[in-house]
Amino acid sequence: MTRDNIDILEDLPPRYFCDFTTPVAAEKISSEVKYTEYVRWLADYLHQVELPLSESQRQWLLQKDQSPRGVIFSCSDSYGYAASLLDELSSSFTMEEDHSAWRSRMRLEWESFYPTHEDRKENPFDDWYDLPEDLFKRLHEEWRQELEMRQQWSHADIPFRSLLSWALRQIPDSETRLKQIDFYFQNFQEVSRK
């Protein structure tokens, strides 16, 4: 794994799947109207509800010491960049808490970079790094939670609702909250396409 990929995964705020509330929406309206209604509903909902933060999210907030807008940006930007890496990484996950999964993943990556024993001795790739085991385990646990809840949600805000709620409760103006949630989705979409 390249250092850039590890940096992207390390920057990803902790995901926490604790709220799956959605508005009741008519199925016959256009997707653009659905998006606008969902964003408006979500901006109001997350401002009004106080969702619990996971312990790792609390630690992340303390370490980052970010403004509400900074939290929204970090969640959307990091998640957008990490989306394809998370999909790729999930191929080495199992539902079991398998402590050998990290070692197996690293061995497979090492062998793909160094296909022959001669190559492995020469170390031709200076930009190959091991994914830290603690980060692998955190992402594995989040993946397990996500997989268990997948039938209940399909919105990109769900993994970060606690952090988004924390941020929006600190923004008094409803139009600003609406713009911030719209920014969250637009930025996530744009970055995840890169």
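Located above this text is the structure these notes cover.
Calculation rules
Residues numbered from 1 in each chain as written. Predicted model: local features only at pLDDT ≥ 70, side-chain atom pairs only at ≥ 80, totals over all residues. Heavy atoms only, no water. Buried < 20%, exposed > 50% of the residue type's maximum accessible area, 1.4 Å probe, protein only. Helix = DSSP H or I, 4+ residues; strand = E, 2+ residues; numbered from the N terminus. Contact = heavy atoms within 4.5 Å. Axes fitted to C-alpha atoms, helices over the stretch in contact; angles between N-to-C directions. Parallel < 35°, antiparallel > 145°, perpendicular 65-115°, else oblique. Left-handed = near helix turned anticlockwise from the far one by under 90°. Nonpolar A, V, L, I, M, F, W, Y, C, P; charged D, E, K, R; others polar. Phe/Tyr/Trp six-rings, centres within 6.5 Å; stacked < 30°, edge-to-face > 60°. Salt bridge = Lys/Arg side-chain N within 4 Å of Asp/Glu carboxyl O.

Visitor: Looking at this structure, how should I read helix α8 (residues 161-168)?
Guide: Each full turn of the α-helix corresponds to 3.6 residues, which orients residues three or four apart in the same direction. Burial analysis of α8 places seven of its eight residues in the buried class, the great majority of the element. Along α8, the residues classified as buried are Arg 161, Ser 162, Leu 163, Leu 164, Ser 165, Ala 167 and Leu 168.

Visitor: It is not clear to me how the side chain of Ser 162 should be interpreted in this structure. Could you clarify?
Guide: Tracing the backbone through its elements, the reader meets Ser 162 in helix α8. Given a relative accessible area of 0%, Ser 162 falls into the buried group. Once you skip the residues sitting within four places of it in the chain, Ser 162 turns out to touch Tyr 16, Cys 18, Leu 51, Pro 52, Leu 53 and Gln 57.

Visitor: Explain the packing of helix α4 (residues 68-90) against α8 here, please?
Guide: Packed helix pairs are specified by the crossing angle of their axes together with the interaxial distance, meaning the distance between the axes. Here α4 crosses α8 at 155°, and the two axes come no closer than 8 Å. Considering their axes alone, α4 and α8 lie roughly antiparallel with respect to each other. Viewed along their axes, α4 and α8 form a crossing whose handedness is left-handed. Within the contact between the two elements, α4 uses Pro 68, Val 71, Ile 72 and Cys 75 and α8 uses Leu 163, Leu 164, Trp 166, Ala 167 and Leu 168. Grouping the constituent residues of the contact of α4 with α8 by class yields nine nonpolar, no polar and no charged.

Visitor: Just checking my understanding: could you explain the packing of aromatic side chains for this structure?
Guide: In this description, an aromatic ring pair is defined by two values, namely the gap between the centres and the angle between the planes. With the rule as written, the count across this model stands at eight aromatic pairs. Ring geometry for Tyr 35 and Phe 185: centres 6.0 Å apart, planes at 80°, overall edge-to-face. Here Phe 185 lies in helix α9 (residues 174-192) and Tyr 35 lies in helix α2 (residues 31-48), a separation of 150 residues in the sequence. Owing to a relative accessible area of 10%, Phe 185 belongs among the buried residues under this scheme. Here Tyr 184 and Phe 185 contribute two aromatic rings whose centre-to-centre distance is 5.3 Å and whose plane-to-plane angle is 85°, an arrangement assigned as edge-to-face.

Visitor: Explanation requested: the packing of α4 against α9 in the structure shown.
Guide: It is at 7 Å that the axes of α4 and α9 come closest, and there the two elements cross at 20°. As far as their axial angle goes, α9 and α4 are roughly parallel. Viewed along their axes, α4 and α9 form a crossing whose handedness is right-handed. Every residue of α9 that contacts α4 at Arg 69, Ile 72, Phe 73, Cys 75, Ser 76, Asp 77, Tyr 79, Gly 80 and Tyr 81 is listed here: Thr 176, Gln 180, Phe 183, Tyr 184, Asn 187, Phe 188, Val 191 and Ser 192. A per-class count over the contact of α4 with α9 returns nine nonpolar, six polar and two charged.

Visitor: It is not clear to me how the pattern of salt bridges should be interpreted in this structure. Could you clarify?
Guide: Oppositely charged side chains can pair when the atoms bearing their charge come close. According to the stated counting rule, one finds six salt bridges in the structure shown. Close ionic contact of Glu 55 with Arg 58 constitutes a salt bridge, the shortest N to O distance being 3.4 Å. Taken as a pair, Glu 55 and Arg 58 lie in helix α3 (residues 55-64) at a separation of three residues, close to a single helical turn. Owing to a relative accessible area of 46%, Glu 55 belongs among the partly exposed residues under this scheme. Arg 161 is paired through a salt bridge with Asp 157; the nearest N and O atoms lie 2.6 Å apart. Three or more residues joined by partner-sharing salt bridges are found here, namely Arg 15, Arg 138 and Glu 142.

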